[in-house]
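Letter by letter, the chains look like this.
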Amino acid sequence: WESSVNIVINKMADIDSGKESGWKKYDEYFVEVDPDQDDKSKEIKLLSFKRPHMRAFHCSWWCFFIAFFIWFSAAPLLSEIKDDLGLTKQEIWNSSIAGVGSTIFMRFVNGPLCDKYGPRIMMAAILLFACVPTALTGIVNSASDLLLIRMFIGIGGSTFVMCQYWTSRMFTKEVVGTANALAGGWGNLGGGVTQLVVGSVLFPIFKNYVYDDDSEDGVDCSDDITDDLKCASEKSWRTVCVIPAVVTMCTALWIIWNSDDAPKGNYYEMKVHGAMPAISAANSFREGAYNMNTWVLFVQYACCFGVELTMNNAAALYFKEEFGQSTESAAAIASIFGWMNLFARGIGGYLSDKTSAKMGMKGRLITQSVLLLFEGIMVLVFATTTNLGVAIFVLVLFSTFVQAAEGSSYGIVPYVNPPVTGSIAGIVGAGGNSGAVAFGMCFRELDYKEAFAIMGFFILGSSLLSPLIRIPGQSTLLLPELKGSAPEVIQAPDVEAAEADA
């Protein structure tokens, strides 16, 4: 009996001290893995859905896709909501800013929690929370209601951290840029798809087939909306968001039981079997936040992902107000921006990986700067375009560089400090939302041309920051290299025993 107790005590001591056993959940993998990189996959088999690597890949992008879908499900309906509730431009933009702003804090929090609990549980928890306010969009009766609902829905946007953490946990450094870019890009695609599906498909179906078009009977839609929903269009925007909310809930419940946190299994299983040490979320965050490279990427990501979030809120309104398009047409045009995620973000990650193969980290930094430079130029061109056809063409180019820059950003993130990738991914991701808040305020207070000009020049400035990134053991753009190297395997940072449960 004493011998058994001693074995258990020694086992737990090894786990707490960070010593790892050889336990893993799967005896064989269906992809080629690198044992020196914690059994991460060396290849991406897009047509495979097998556990753990490719199942996690597809779960990561789909979960972020559906989160993005509900995050901006109200965006194509804002012109209808504005008219029905009698809201001002400033009140609409306040709700949009709240929707992206609420995600900032959660992105900071989710990174360290991923390091501690794994991406699967965190992904499911956030999706289950966000689907509730999405389903309640129809109860909005005032500007403050709209702001609060969109603020709570915006928490779903923090799933980006889990998306990028999950793929970083599953794929080796040689292909992680491409894996992160594909997962993030296909997830971001939800922002374009929701413009099209909600604004141009579901909304017209609800308005024309689910409800009678009472507005044709001369009913005054400005009557007290709390007494009687008299217009079909109003009934439609008040109920259409229930559909994506239900899909989100089903997705969250499914991934809990049908996916894995890491190649060797789920975090709780790995800790129980001694295959993973205890991790302090607080210490993980400190390690990420004290790294200068994290904050350079924070600013650069604000100038690409922050731009995408701003466009998701602004595009449909812009094309309706500046080019006289209908709600359905403006939503369809606005969706083009998001549809570029189908390939553009993946291209950014692929270019980052390929230039890295030839020039190391220097190649990734060059790719980052060039993409941001052309993104800024396209924003300025778009701001001065007055022809609808040309504006749509420039929008395609503009969007392509935005998404590609996002992909190249997360080709760099896994290298910064691998043991605390979750925290770094969270901080950098929060940069995107911080940028969206800043740019959103510009669009709220200024006319479109001035707001686009400010955004464009900030992007151009961010392209000059890449030389400041210096990662130990990696080549740099201009400054001297730092000696040393970062560990290849994601393990826990050294923590005090009292911090292990923090």
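Reading the values: rules and limits
Residues numbered from 1 in each chain as written. Predicted model: local features only at pLDDT ≥ 70, side-chain atom pairs only at ≥ 80, totals over all residues. Heavy atoms only, no water. Helix = DSSP H or I, 4+ residues; strand = E, 2+ residues; numbered from the N terminus. Buried < 20%, exposed > 50% of the residue type's maximum accessible area, 1.4 Å probe, protein only. Contact = heavy atoms within 4.5 Å. Areas by Shrake-Rupley, 256 points an atom, 1.4 Å probe, with all protein chains shown as cover. Salt bridge = Lys/Arg side-chain N within 4 Å of Asp/Glu carboxyl O. Phe/Tyr/Trp six-rings, centres within 6.5 Å; stacked < 30°, edge-to-face > 60°. Lys NZ or Arg CZ within 6 Å of the ring centre and 35° of its normal. Core = buried A, V, L, I, M, F, W, Y, C linked by side-chain atoms within 4.5 Å. Expected span 1.5 Å × (residues − 1). Polar contact = N/O pair within 3.5 Å; in protein donor to acceptor, adjacent residues only side chain to side chain. Axes fitted to C-alpha atoms, helices over the stretch in contact; angles between N-to-C directions. Parallel < 35°, antiparallel > 145°, perpendicular 65-115°, else oblique. Left-handed = near helix turned anticlockwise from the far one by under 90°. Nonpolar A, V, L, I, M, F, W, Y, C, P; charged D, E, K, R; others polar. 1 Å grid on protein atoms, 1.4 Å probe; cavity = no way out; pocket = protein on both sides within 12 Å on 5 of 7 lines; lining within 4 Å. Points joined across faces, edges and corners; volume = space filled by probe spheres on them. Patch = residues over 30% accessible without salt bridge, like charges linked within 9 Å, V, L, I, M, F, W, Y side chains within 5 Å. pLDDT = per-residue confidence, 0-100.

**Q** Can you lay out the overall build of the protein chain for me, pointing to particular residues and giving the numbers?
**A** Along the protein chain, the regular secondary structure elements total 20 helices and 2 strands. Counting only residues that meet the buried cut, the protein chain has 60% of its 502 residues in that class. Taking the intrachain contacts of the protein chain between residues at least 6 apart in sequence as the baseline, contacts between residues at least 24 apart amount to 81%. About 19,000 Å² of surface is accessible on the protein chain, with carbon and sulfur atoms providing 63% of the total.

**Q** Go over the pattern of salt bridges with me, naming the residues and quoting the values.
**A** Per the stated rule, a full pass over the model turns up 15 salt bridges. Where E321 meets K82, a salt bridge forms, and the shortest distance between an N and an O atom there is 3.8 Å. With E321 in helix α14 (residues 305-323) and K82 in helix α3 (residues 78-85), this residue pair connects regions lying 239 residues apart in the sequence. Residues joined by salt bridges that share partners form a network here, namely K25, R51, D260 and E269.

**Q** Break down the packing of aromatic side chains for me, citing the residues and quoting the values.
**A** All chains considered together, the criterion is met by 37 aromatic pairs. Measuring from ring centre to ring centre gives 5.8 Å for F382 and F398, while their planes differ by 45 degrees; the resulting arrangement is tilted. Of this pair, F382 sits in helix α17 (residues 361-383) while F398 sits in helix α18 (residues 388-416), and the two are 16 residues apart along the sequence. We note that F382, like F398, is buried. Through successive ring pairs, a cluster of aromatic residues spans W93, Y318, F319, F323, F337, F382, F398, F443, Y448 and F452. Here K50 stacks its cationic end above the ring of F30, 4.6 Å away from the centre of that ring. Geometry around Y448 places K89 over its ring, the cationic atom sitting 5.6 Å from the centre.

**Q** Now, about unusual backbone geometry: what can you tell me, with residues and values included?
**A** At the junction of R51 and P52, the peptide bond is cis and its omega measures out at 0 degrees in the coordinates. For D39, which is not a glycine, the phi torsion comes out positive at approximately 60 degrees. Along the chain, the position of D39 falls in the loop between β1 (33-34) and β2 (40-41).

**Q** Could you give an account of the nonpolar core, naming the residues involved and the relevant values?
**A** In terms of nonpolar packing, the biggest core is built from 132 residues, with M311, F319, F382, F398, F452 and M455 touching the most fellow members. Excluding residues within four positions of it along the chain, F398 makes contact with V307, M311, F337, E375, M378, V379, F382 and M455.

**Q** Lay out helix α2 (residues 53-71) with the relevant residues and their values.
**A** In this model, α2 (19 residues) spans 27 Å end to end at C-alpha, consistent with the 27 Å of a helix rising 1.5 Å per residue. Buried residues dominate α2, accounting for 17 of its 19 residues.

**Q** Any details on the side chain of Q325? Residues and values, ideally.
**A** Tracing the backbone shows Q325 in the loop between α14 and α15 (327-339). In terms of polar contacts, Q325 uses its side chain to reach the backbone carbonyl oxygen of F323, at 3.2 Å. In this structure, Q325 is in contact with F319, K320, A330, I333 and L388, ignoring residues within four places of it in sequence.

**Q** Describe the packing of α17 against α18, listing the residues and the values that go with them.
**A** Contact geometry for α17 and α18: axes closest at 8 Å, N-to-C directions at 155 degrees. Taken together, the axes of α17 and α18 are roughly antiparallel relative to one another. Relative to α18, α17 is oriented so that their crossing is left-handed. Residues of the contact of α17 with α18, tallied by class, amount to 20 nonpolar, 5 polar and 2 charged.

**Q** Hey, could you go over helix α13 (residues 292-302) for me, with residue numbers and the actual values?
**A** The buried count for α13 comes to 8 of 11 residues, which makes it a mostly enclosed element. Those residues of α13 that sit buried are N293, T294, V296, L297, F298, Q300, Y301 and A302. One side-chain oxygen at the N-terminal end of α13 lies 3.0 Å from the backbone nitrogen of N293; it belongs to N291.

**Q** Can you break down the environment of T384 residue by residue, with the values?
**A** Checked against the element boundaries, T384 lands in the loop between α17 and α18. Each C-alpha atom of the pair T384 and F452 lies 9.1 Å from the other, and the pair is 68 residues apart in sequence. A polar atom in the side chain of T384 sits 3.0 Å from the backbone oxygen of V381.

**Q** So what's going on with empty space enclosed by the protein? Residues and values would help.
**A** Scanning the entire structure with this criterion turns up 7 cavities of 30 Å³ or more. In this structure, the second largest cavity encloses a volume near 60 Å³. For the second largest cavity, the full set of lining residues is A75, P76, L78, S79, A316, L317, K320, T327, A330 and A331. At the level of secondary structure, the elements contributing two or more residues to the lining of the second largest cavity comprise α3, α14 and α15.

**Q** Go over the side chain of S356 with me, naming the residues and quoting the values.
**A** Its location among the elements puts S356 in helix α16 (residues 344-359). S356 has contacts with G363, R364 and Y415, leaving out every residue within four places of it along the chain.

**Q** Kindly report on a nonpolar patch on the surface, identifying the contributing residues and their values.
**A** Together, M359, I366, V370, L373, F374, I377 and V381 make up a nonpolar patch on the protein surface, roughly 510 Å² of accessible area in all. With respect to the element layout, F374 can be found in helix α17. On the accessibility criterion, F374 (38% relative accessible area) is partly exposed.

**Q** Would you mind going over the confidence of the model for the protein chain in detail, with residue names and values included?
**A** Per-chain confidence: the protein chain averages 86 in pLDDT, with 88% of residues scoring 70 or above. Note on residues 215-229: pLDDT under 50 across the span, and 16 contacts to partners over four residues away in sequence or across chains. Here residues 487-502 is modelled with pLDDT under 50, and outside its nearest four sequence neighbours on either side it reaches 39 contacts, counting other chains as well.

**Q** Can you break down the environment of Y267 residue by residue, with the values?
**A** Mapped onto the secondary structure, Y267 falls in helix α11 (residues 267-272). What makes Y267 buried here is its relative accessible area of 1%. Separated by 152 residues in the primary sequence, Y267 and D115 have C-alpha atoms spaced 9.2 Å apart. Sequence-distant contacts of Y267, defined by excluding residues within four places in its chain, comprise C114, D115, K116, Y117, G118, Y165, R169, D261, A262 and M276.

**Q** Outline the packing of α14 against helix α19 (residues 421-445), listing residues and values.
**A** Two elements in contact, α14 and α19, have axes separated by 7 Å at closest approach and are oriented at 45 degrees. Considering the angle they form, α14 stands oblique to α19. Regarding α14 and α19, the two cross each other, and that crossing is right-handed. Contacts between α14 and α19 involve F305, G306, V307, L309 and T310 on the former and, on the latter, G432, N433, G435, A436, F439, G440 and F443. Looking at the contact of α14 with α19, its residues break down into 6 nonpolar, 6 polar and no charged.

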